[in-house]
Amino acid sequence: MAGAEARGRAAGRLRRVLAGVFAAWVGSGTLSARELAADEQVLFVPGTARALGTDRIELDVHAWIYEREERPRLASAFARYLGFDRAAASAEERERFEQRTRLFLVDSENRKRIALHLADGSRVELPRTRRGGRSDARVTMAAAGRAPGAQWIGFSVDLPPGDARRFEGRALYVPAEGLSVVSDIDDTIKDSGVADRRTLLLNTFVRPFAAVPGMAARYRALAAADGVRFHYVSSSPIQLLAPLLAFLEEAGFPEGSVHLREATAWRTLIPREASAQARKRAAIARLIADFPHRDFALVGDASEADPEIYGAIARDHPAQICAILIRDASGAGRETPRYRSAFAGLPDERWQIFGDEDDWGAVLEGCAQRVRGAGDARQAVAR
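Analysis parameters
Residues numbered from 1 in each chain as written. Predicted model: local features only at pLDDT ≥ 70, side-chain atom pairs only at ≥ 80, totals over all residues. Heavy atoms only, no water. Helix = DSSP H or I, 4+ residues; strand = E, 2+ residues; numbered from the N terminus. Buried < 20%, exposed > 50% of the residue type's maximum accessible area, 1.4 Å probe, protein only. Contact = heavy atoms within 4.5 Å. 1 Å grid on protein atoms, 1.4 Å probe; cavity = no way out; pocket = protein on both sides within 12 Å on 5 of 7 lines; lining within 4 Å. Points joined across faces, edges and corners; volume = space filled by probe spheres on them. Nonpolar A, V, L, I, M, F, W, Y, C, P; charged D, E, K, R; others polar.

## Considering unusual backbone geometry
One non-glycine residue, Arg111, lies in positive phi territory at about 60°. Inspection of the secondary structure puts Arg111 in the loop between β5 (107–108) and β6 (112–113). Here the phi dihedral of Asp187 falls at roughly 65°; this positive angle occurs in a residue that is not glycine. Along the chain, Asp187 falls in the loop between β12 (179–183) and β13 (190–191).

So this is what it looks like as structure tokens:
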């Protein structure tokens, strides 16, 4: 018995010594966050901003820190994975492939620390980057720092003297009340061919992006109304942010916050269906929770699980989901068993299936009238 007690005391002393060594190691900076290096880049995904009371604004910040690499062998493997013959491709196709795959060949940097300059002149540090080079945070600033009427609030990375680089991000200011349009991208506003894997990959990485006819004009008309904001929620990976933003601008879609999948490897380009559904549903649920007094219109397509995701969200938040719109290029009507199951329990006037030639403006106009009516009622009570 005495021997066992002695061994136990010795083991305890050893654990305390090892704990001290580990603490000293951490304290020395070996495991602490590191500053941004000269060859590292910062990418910000456009997020949202909201008022906290009358004097503060909260910004939802999403940063990615990475280092560019030249990896010709990996690029060749990527092309083979896509089924893309670079030797037989045109110069334009090769250029698009290089541009759209570039960020899949980088090194993501973990345990990196950056600070931001906010629009009110304040400085705030982000949490050190985790695996995959990501750092997410909600930071606050003085409401006076937002320009009157401005929809976007900008910020930039605080860099040391002599570093001439500039990394900028921005957040979409979303009023407490109004209409938020949550829109999918692939096969909703951009023809992607999601149903066929090879077609989807080539449309994503090689071919010019093609807008679904009429969608940009419909979105622009809606965006002109007071209090309307757009949020683009997609299963596309964060590495495609720049091409997708360029597509939205060139095709004439309204600006909005962007919510993409955090893929860090090109072999996960097409996610598992269950994880993609869960991620999209969580992103939309977070928007609804952040803006509990806004109405939401959900726009998606039939090629993936948008009907099922949107139907579940509408049943969870019946007071906030004013419309669901599903693009179905196959011509299937709303009486199909899939749609009746997906939207079970929801009023028929709250959801619509449409083709490219259909007029679905009445559904969204109903949303706008609902928002205007609620605002008029509040003003009457205030008077």
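## Observations concerning helix α8 (residues 306–316)
Burial analysis of α8 places eight of its 11 residues in the buried class, the great majority of the element. For α8, the set of buried residues is Asp306, Pro307, Ile309, Tyr310, Gly311, Ala312, Ile313 and Ala314. Packing partners of the buried residues in α8 comprise β12, α7 (273–290), β17 (295–301), β18 (321–327) and α9 (337–342).

## Topic: the environment of Ser341
Structurally, the position occupied by Ser341 is in helix α9. In this structure, the C-alpha to C-alpha distance between Ser341 and Pro307, residues 34 residues apart in sequence, is 9.3 Å.

## Things to note about empty space enclosed by the protein
This model, assessed by the stated rule, comprises one cavity of 30 Å³ or more. Put simply, the largest cavity is a space of about 40 Å³. Thr48, Ala49, Arg50, Glu58, Leu59, Asp60, Arg138, Asp290 and Phe291 together form the lining of the largest cavity. The set of elements that each furnish at least two residues to the lining of the largest cavity consists of β3 (47–52) and β4 (56–67). Class assignment for the residues of the lining of the largest cavity results in three nonpolar, one polar and five charged.

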